[in-house]
Amino acid sequence: MSIATTKSIQVKGLRKSYKQHQVLKGVDFEVEKGSIFALLGSNGAGKTTVVKILATLLKQDGGTAVVNGFDVASKPDGVRQSISLTGQFAAVDEVLTGRENLVMLAKLRHLPHPRQVADDMLKRFGLTEAADRRASTYSGGMRRRLDIALSLVGKPQIVFLDEPTTGLDPESRIEVWKIVKELADGGTTIFLTTQYLEEAEQLADRIAILHEGRIIASGTLSELKKLFPQAKVEYVEKQPSLEEIFLAIVGKKEAI
Amino acid sequence: METAKNHFLSDMGVMLGRSMRHIFRSMDTIITVCITPIALMLLFVYVFGGAIQADTDNYVNYLLPGILLIAIASGISYTAYRLFLDKQRGIIERFHSMPIARSAVLWGHVLTSVVSNVITVVIIVLVALAMGFRSSAGILPWLAVAGILVLFTLALTWVAAIAGLSAKSVEGASAFSYPLLFLPFISSAFVPTDSMPRVVRAFAENQPVTSIVEAIRALLSGQPVGHDIWVALAWCVGIMLAAYLFAMRAYKKRA
């Protein structure tokens, strides 16, 4: 039991097929409580399928998955009490205002003071000024912030972020990274999927690479680096990346 | 530990409040479900009405049941639309990953459909009263009319749920309702079926709208309803049960 309590997520031999197509062929990994775990993989590798199974939206064909001590197949209610999901596309209600979205979520989580919860979240995510505008008028970055704020209503212990920065501009991406780091510092377990290597490198305590239905490598960044041949010394002229140039010109955010 | 089921009603209430906001904030919805049927009623009474031989001294009385069915048929197409958007934008997934009763999400949409259609029907009846609609019916026949209309709404709402949950595009989600909008025109809703050619007449007299319209008309005018009401009820309940089963299957499979 003492071993189990340090793990937020335990996945063993997870399998899932869509018709003939086998997406997950036996996936194993564990996520430590309070850590940031990144599941890395190219498009179509099955990252979202893993997230959906862990978030009780999809049933696996085989294997087990335990989230916060609850088996996803037999105790989905317990899992849902422990988690929140931020999907690939910002799932905000565009007809409602930012505030109304948050109040609605607080009511659905059956919290005692929905309006107060909404006000706090709006402040925390810099949306107070836009609070009473419909979410359809928000920029992509604001929408993602509202989306993440909605996920955090009720302080879930485990947060799933499925490609949280796909489609965001660099500034918004760095903002999301900041939020993720703050959350982890506060003790929340973060399960992140991404196709950006840099994102995993920036954020994750542990990284697992999902490829053709299996985890082909996992560990900390330095462990993963050891898997590769000894570093060679080469002289390369270092050109700034476009992202560095962009951020230098825009100049509003210091690099994290 | 508290379970999701304890909160079914309050969760559904939140869903209802949300969808009702969607309706009241959408000019398009209000125009289509409320203003269009009223315009149609004005058109038929004050423009075509003089030329229509419906063997009645009060054409508003004759017309009203059909107008109400058209309003409901256009109302439920928005239920399909709203369900489709919730599914497409990941909102259903968000709700389903939360500790709330899963069915509350779908039933919230169904309840919204009933509540909004009741509001539409009341508004249209009030406008009809201003246009000269009169009924000698007592409280019981009125309740029967309300019951048939709610049943009709539920039946079409579940049809709309199938469309909303299984559609691949916004157009697909609402296109299914166009044939429903035409059914009242090929029925006894606007003109008696006697005047129609044989084939059209056979269709008109045996499709659900005619029996529903005839039953409501008889109830409102204090006439004996005959077997129309049973045919109407059979249609409504039959469509409702069949559509409910298919919609639930689509819901479990896709959402």
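Residues numbered from 1 in each chain as written. Chains lettered and ligands numbered in written order. Predicted model: local features only at pLDDT ≥ 70, side-chain atom pairs only at ≥ 80, totals over all residues. Heavy atoms only, no water.

S.K.: Outline the overall build of chain B, supporting the account with residue identities and numerical values.
M.R.: Helix and strand counts for chain B stand at eleven helices and zero strands. Its helices and strands taken in sequence order, chain B reads α-α-α-α-α-α-α-α-α-α-α from the N to the C terminus. In terms of C-alpha radius of gyration, chain B reaches 19 Å, essentially the compact-globule figure of 18 Å for 255 residues. Taken over the C-alpha atoms alone, chain B extends approximately 65 × 35 × 35 Å along its principal axes. Within chain B, contacts between residues separated by at least 24 positions form 79% of all contacts whose residues are at least 6 apart in sequence. Total accessible area on chain B is roughly 11600 Å²; 69% of this is exposed by carbon and sulfur atoms. (Helix = DSSP H or I, 4+ residues; strand = E, 2+ residues; numbered from the N terminus. Rg over C-alpha atoms; globule rule 2.2 N^0.38 Å. Contact = heavy atoms within 4.5 Å. Areas by Shrake-Rupley, 256 points an atom, 1.4 Å probe, with all protein chains shown as cover.)

S.K.: Explain the sheet that holds strand 2 (residues 21-32) of chain A to me, using residue names and the numbers behind them.
M.R.: Residue and element names in this part refer to chain A. Ordered in space as 2-1-4-5, the four strands form an open sheet in which the pairing is antiparallel. The open sheet has two free edges, formed respectively by strand 2 and strand 5 (70-71), since each of these has just one partner strand. Here nine bridges tie strand 1 (residues 7-18) to strand 2, and the two strands are oriented antiparallel to one another. Paired with Val11 across the two strands is Phe29, which belongs to strand 2. (Pairing = 2+ DSSP bridges.)

S.K.: Now, about helix 1 (residues 8-24) of chain B: what can you tell me, with residues and values included?
M.R.: Its 17 residues place the ends of helix 1 of chain B 24 Å apart at the C-alpha level, agreeing with the 24 Å of an ideal helix rising 1.5 Å per residue. Looking only at helix 1 of chain B, the buried set comprises Asp11, Met12, Val14, Met15, Leu16, Arg18, Ser19, Met20, His22 and Ile23 of chain B. Residues of helix 1 of chain B that are buried in the fold lie against helix 3 (98-108) of chain A together with helix 2 (27-48), helix 3 (59-88), helix 4 (91-96) and helix 5 (102-130) of chain B. (Expected span 1.5 Å × (residues − 1). Buried < 20%, exposed > 50% of the residue type's maximum accessible area, 1.4 Å probe, protein only.)

S.K.: Report on the UniProt feature "transmembrane region" (unreviewed entry) in chain B, specifying residues and quantitative values.
M.R.: Residues and elements named next belong to chain B. Mapped onto this structure's residue numbering, the UniProt feature "transmembrane region" (unreviewed entry) falls at residues 30-50, 62-84, 105-133, 139-163, 175-193 and 229-247. Helix makes up 90% of residues 30-50 and strand 0%, whereas the separation of the span's terminal C-alpha atoms amounts to 29 Å. As annotated, residues 105-133 has a helix share of 90% and a strand share of 0%, and its two end C-alpha atoms lie 39 Å apart. (UniProt positions renumbered as here; feature names shortened; annotations may be inferred.)

S.K.: Break down a positive patch on the surface for me, citing the residues and quoting the values.
M.R.: A cluster of basic side chains, namely Lys19 of chain A together with Lys168, Arg249 and Lys253 of chain B, defines a positive patch on the protein surface. Note that Lys253 of chain B resides in helix 11 (residues 228-254). You can call Lys253 of chain B exposed: its relative accessible area is 65%. (Patch = residues over 30% accessible without salt bridge, like charges linked within 9 Å, V, L, I, M, F, W, Y side chains within 5 Å. Salt bridge = Lys/Arg side-chain N within 4 Å of Asp/Glu carboxyl O. Lys, Arg positive; Asp, Glu negative; His and termini not counted. Charge placed at Lys NZ, Arg CZ, Asp CG, Glu CD.)

S.K.: Break down the pairing of strand 4 (residues 62-67) of chain A for me, citing the residues and quoting the values.
M.R.: Consecutive residues of a regular strand have side chains that alternate between opposite faces of the sheet. Residue and element names in this part refer to chain A. Pairing geometry for strand 1 and strand 4, over five bridges, is antiparallel. Counterpart to Lys12 in the pairing with strand 4 is Thr64. Judged from the two bridges that link them, strand 4 and strand 5 form a sheet pairing that is antiparallel. Across the sheet, the residue bridging to Val66 is Asp71, located in strand 5.

S.K.: How would you explain the pattern of salt bridges if you had to name every residue and give the values?
M.R.: Working definition: two side chains of opposite charge can pair if their charged atoms are close together. On inspection of all chains with the given rule, the structure shows 20 salt bridges over all chains. The salt bridge involving Glu93 of chain B is made with Lys52 of chain A; its shortest N-O contact spans 3.0 Å. Placement of the pair is Glu93 of chain B in helix 4 and Lys52 of chain A in helix 1 (residues 47-54), with the two residues belonging to separate chains. Residue Asp119 of chain A pairs with Arg99 of chain A through a salt bridge whose shortest N-O separation is 2.5 Å. With a gap of 20 residues between them, Asp119 of chain A in helix 4 (residues 114-124) and Arg99 of chain A in helix 3 connect regions that are remote in the sequence.

S.K.: Could you give an account of the packing of aromatic side chains, with specific residues and numbers?
M.R.: Counted by the stated rule, this structure contains 14 aromatic pairs over all chains. Ring plane angle 45 degrees and centroid distance 6.5 Å describe the contact between Trp107 of chain B and Tyr244 of chain B, whose orientation is recorded as tilted. Of this pair, Trp107 of chain B sits in helix 5 while Tyr244 of chain B is found in helix 11, placing the two residues 137 residues apart along the sequence. What makes Trp107 of chain B partly exposed here is its relative accessible area of 31%. A cation over an aromatic ring shows up here: Arg173 of chain A above the ring of Tyr196 of chain A, its NZ or CZ 5.0 Å from the ring centre. Across the ring face of Tyr62 of chain B, the terminal group of Arg217 of chain B is positioned such that the distance to the ring centre comes to 3.5 Å. (Phe/Tyr/Trp six-rings, centres within 6.5 Å; stacked < 30°, edge-to-face > 60°. Lys NZ or Arg CZ within 6 Å of the ring centre and 35° of its normal.)

S.K.: Residue-level account of the environment of Gly186 of chain A, with values.
M.R.: For Gly186 of chain A, the location among the structural elements is in the loop between helix 6 (170-185) and strand 8 (189-194). On a C-alpha basis, the gap between Gly186 of chain A and Phe89 of chain A in space is 25 Å, while along the polypeptide they are 97 residues apart.

S.K.: Just give me the short version of the packing of helix 3 of chain B against helix 10 (residues 208-220) of chain B, but keep the residues and values in it.
M.R.: Residues and elements named next belong to chain B. With their axes 9 Å apart at the nearest point, helix 3 and helix 10 run at an angle of 130 degrees to one another. Between helix 3 and helix 10, the angle is such that the two are oblique. As helix 3 packs across helix 10, the resulting crossing turns out to be right-handed. For the pair helix 3 and helix 10, contact is made by Tyr62, Pro65, Gly66 and Leu69 and by Val209, Ile212, Val213, Ile216 and Arg217, respectively. Grouping the amino acids of the contact of helix 3 with helix 10 by side-chain chemistry returns seven nonpolar, one polar and one charged. (Axes fitted to C-alpha atoms, helices over the stretch in contact; angles between N-to-C directions. Parallel < 35°, antiparallel > 145°, perpendicular 65-115°, else oblique. Left-handed = near helix turned anticlockwise from the far one by under 90°. Nonpolar A, V, L, I, M, F, W, Y, C, P; charged D, E, K, R; others polar.)

S.K.: Can you explain the environment of Val95 of chain A? Please cite residues and give values.
M.R.: Mapping Val95 of chain A onto the fold places it in the loop between strand 6 (83-86) and helix 3. As for Val95 of chain A and Arg134 of chain A, which are separated by 39 residues in sequence, their C-alpha atoms are 5.8 Å apart. Aside from chain neighbours lying at most four places away, what touches Val95 of chain A is Arg134 of chain A together with Arg21, His22 and Arg25 of chain B.

S.K.: Just give me the short version of the sheet that holds strand 6 of chain A, but keep the residues and values in it.
M.R.: All names here are of chain A. If you walk across this open sheet you meet the six strands as 6-7-8-3-9-10, and the pairing is mixed. On the outer flanks of this sheet lie strand 6 and strand 10 (214-219), each paired with one strand and no other. For this sheet the average axis-to-axis angle between neighbouring strands, irrespective of direction, equals 15 degrees. Across the face of the sheet, helix 1 comes into contact with strand 3 (36-40), strand 6, strand 7 (158-162), strand 8 and strand 9 (206-211) while running at roughly 150 degrees to strand 8. Strand contacts of helix 5 (residues 140-152): strand 6 and strand 7, with the helix running at about 165 degrees to strand 6, the strand carrying the most contacts.

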